[in-house]
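# Geometric and topological summary
Chain residues, written in single-letter form:
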Amino acid sequence: MEKRKSFTRYMKTIFFIVISVGLFQQSAAAYEFKALSVPGYSKTWLMIKSESAPITSITKIRLHLHGWTQDPVSGKPFNDLFDFSWRDASIMPSDLDMKTLIEGYGMQREVDAFIDTAILVPISRGHCDQYPELMNDFDITFSKVISAFGFNSVFVRLDHVSAHSGGGEYLSRLITSNPRSSFFQQLKKATFYDAIYSESAKKRLSQWLNEVVPSPSRSLEVINVPNGSPSVFGASLFDSVKASETKKTVAIDSTTVRCREKIHQAGNSLQIIEENHKPTLLDHWTLVKALWLFTCNPDPKRTPSSKKNSR
């Protein structure tokens with residue numbers, strides 16, 4: 001009898017492993033990625049898209065600047081649950097390294113949910129040491145990236161930009177650069193994940209909100225860990241907008257977030273999003289994964305699903 005029970009437990013374990021592997025393979029097969037280098041940026045560009053979407057069918061691009069990933073001297077990741085070890089910065093990261101970055105932050109869920117969208121990430125080592133290169137001539141570099149990956153340059157557009165941590169400094173510069181990049185002229189949405197660390201960055205975002213643009217208006221989302229430096233700068237930015245405030249609380253997995261919104265007199269919207277759970281469950285890294293898909297959703301009043309659709 002005991003042998004029979006042991007055999008039954010053994011078969012259940014095998015069944016669970018087989019099912020788990022199958023689910024993992026299905027999940028992994030939902031997206032594909034490619035990495036390459038182009039003149040104008042000394043490190044790698046990473047492209048993520050749905051496995052079922054031909055590259056020429058992509059019409060929307062999200063540009064994401066990540067934060068501080070590896071120690072600039074040793075190349076060790078600051079958080080190995082999200083970032084990979086990159087000891088020799090002259091070598092392109094491996095596919096496994098790229099998957100660590102993509103799935104650690106949950107980026108693949110966006111292209112699974114919105115198959116007309118691709119994500120582009122310029123990879124940087126250490127303290128965003130390569131991102132100043134993007135300021136040299138972004139139009140030329142980004143045009144080369146679009147061409148190298150094989151996008152249809154006639155139909156594809158930069159739809160959404162986002163930054164995490166130290167990437168926010170350079171994203172705030174890019175979207176307010178003078179002269180303005182043609183890719184950013186029609187930009188309608190920017191998301192900053194715990195990414196405003198200076199008064200100058202805050203002022204640049206205030207400038208972006210102040211600009212009157214043709215309809216539809218711009219949307220700026222500022223997502224912070226409560227009580228940190230980005231939270232302080234975010235609150236200051238929010239207070240500077242002289243408009244009435246609306247609030248809502250939204251359930252996100254195991255926690256809730258509070259969304260505060262003001263509509264600027266220029267017609268652009270500013271949302272400050274912070275966790276409403278005490279004690280907080282999300283930190284500087286986990287808030288990105290928890291809210292990545294939420295910030296893609298055109299209707300933030302509901303919890304995002306994984307249903308494939310177009311924005």
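Please read these numbers as outputs of a predicted model, since none were measured by experiment. (Residues numbered from 1 in each chain as written. Predicted model: local features only at pLDDT ≥ 70, side-chain atom pairs only at ≥ 80, totals over all residues. Heavy atoms only, no water.)

With that settled, consider the side chain of Glu-275. When you line up the elements, Glu-275 lands in strand β10 (residues 269-275). There is no salt bridge for the buried Glu-275, and the closest opposite charge comes from Lys-278, which lies 11 Å off by N-O distance. Within the structure, Glu-275 has its side chain in polar contact with the side chain of Thr-255 (distance 2.7 Å). (Helix = DSSP H or I, 4+ residues; strand = E, 2+ residues; numbered from the N terminus. Buried < 20%, exposed > 50% of the residue type's maximum accessible area, 1.4 Å probe, protein only. Lys, Arg positive; Asp, Glu negative; His and termini not counted. Salt bridge = Lys/Arg side-chain N within 4 Å of Asp/Glu carboxyl O. Polar contact = N/O pair within 3.5 Å; in protein donor to acceptor, adjacent residues only side chain to side chain.)

This brings us to the side chain of Thr-176. By secondary structure assignment, the location of Thr-176 is in the loop between α5 (167-175) and α6 (182-185). Within the structure, the side chain of Thr-176 is placed 2.7 Å from the backbone oxygen of Ser-172, a separation counted as a polar contact.

Let us now look at the packing of aromatic side chains. Counted by the stated rule, this structure contains 12 aromatic pairs. An aromatic cluster is present here, built from Tyr-41, Trp-45, Phe-138, Phe-142, Phe-183 and Phe-184 joined pairwise through their rings. Here the guanidinium or amino end of Lys-262 rests over the ring plane of Phe-238, the centre of that ring lying 4.7 Å away. (Phe/Tyr/Trp six-rings, centres within 6.5 Å; stacked < 30°, edge-to-face > 60°. Lys NZ or Arg CZ within 6 Å of the ring centre and 35° of its normal.)

This model, assessed by the stated rule, comprises 10 salt bridges. For Lys-60, the salt bridge goes to Asp-116, with nearest N and O atoms at 3.0 Å. Pair noted here: Lys-60 is in strand β3 (residues 60-65) and Asp-116 is in the loop between α3 (108-113) and β4 (117-122), with a separation of 56 residues, a long-range link. As far as the burial class goes, Lys-60 and Asp-116 line up, both buried. Of the charged contacts in the structure, one is a salt bridge between Arg-260 and Glu-245, with a shortest N-O distance of 2.9 Å.

Between α5 and helix α7 (residues 199-210), whose axes approach to 9 Å, the crossing angle comes to 35°. Where α5 crosses over α7, the handedness of that crossing is left-handed. The segment α5 lies against α7, with Glu-169, Ser-172, Arg-173 and Ile-175 engaging Ser-200, Ala-201, Arg-204, Leu-205 and Trp-208. A class-by-class count of the residues in the contact of α5 with α7 yields four nonpolar, two polar and three charged. (Axes fitted to C-alpha atoms, helices over the stretch in contact; angles between N-to-C directions. Left-handed = near helix turned anticlockwise from the far one by under 90°. Contact = heavy atoms within 4.5 Å. Nonpolar A, V, L, I, M, F, W, Y, C, P; charged D, E, K, R; others polar.)

The next subject is the nonpolar core. Trp-45, Leu-120, Phe-151 and Leu-220 are the most contacted members of the largest nonpolar core, which totals 48 residues. Leu-101, Ile-252, Ile-273 and Leu-287 belong to the second largest nonpolar core, which has 34 residues in total. (Core = buried A, V, L, I, M, F, W, Y, C linked by side-chain atoms within 4.5 Å.)

By the criterion of burial, α5 is predominantly enclosed, with seven of the nine residues buried. In this structure, the buried residues of α5 make contact with β3, α4 (138-149), β5 (157-164), α6, β6 (189-193) and α7.

Below, the discussion takes up the sheet that holds strand β2 (residues 45-50). Strands in a sheet are paired, the pairing made by backbone hydrogen bonds, and the direction either parallel or antiparallel. With respect to topology, 10 strands assemble into an open sheet ordered β1-β2-β4-β3-β5-β6-β7-β10-β9-β8, the strand pairing being mixed. Each end of this open sheet is capped by a strand with a single partner; those strands are β1 (31-36) and β8 (245-252). For this sheet the average axis-to-axis angle between neighbouring strands, irrespective of direction, equals 20°. Sheet topology places β3 next to β4; four bridges connect them, and they run parallel. (Pairing = 2+ DSSP bridges.)

At a minimum axis separation of 10 Å, α7 and helix α8 (residues 229-240) run at an interaxial angle of 35°. Considering only the axes of α7 and α8, their crossing is right-handed. For the pair α7 and α8, contact is made by Glu-199, Lys-202, Leu-205, Ser-206 and Leu-209 and by Phe-233, Ser-236 and Leu-237, respectively. The residue inventory of the contact of α7 with α8, partitioned by class, reads four nonpolar, two polar and two charged.

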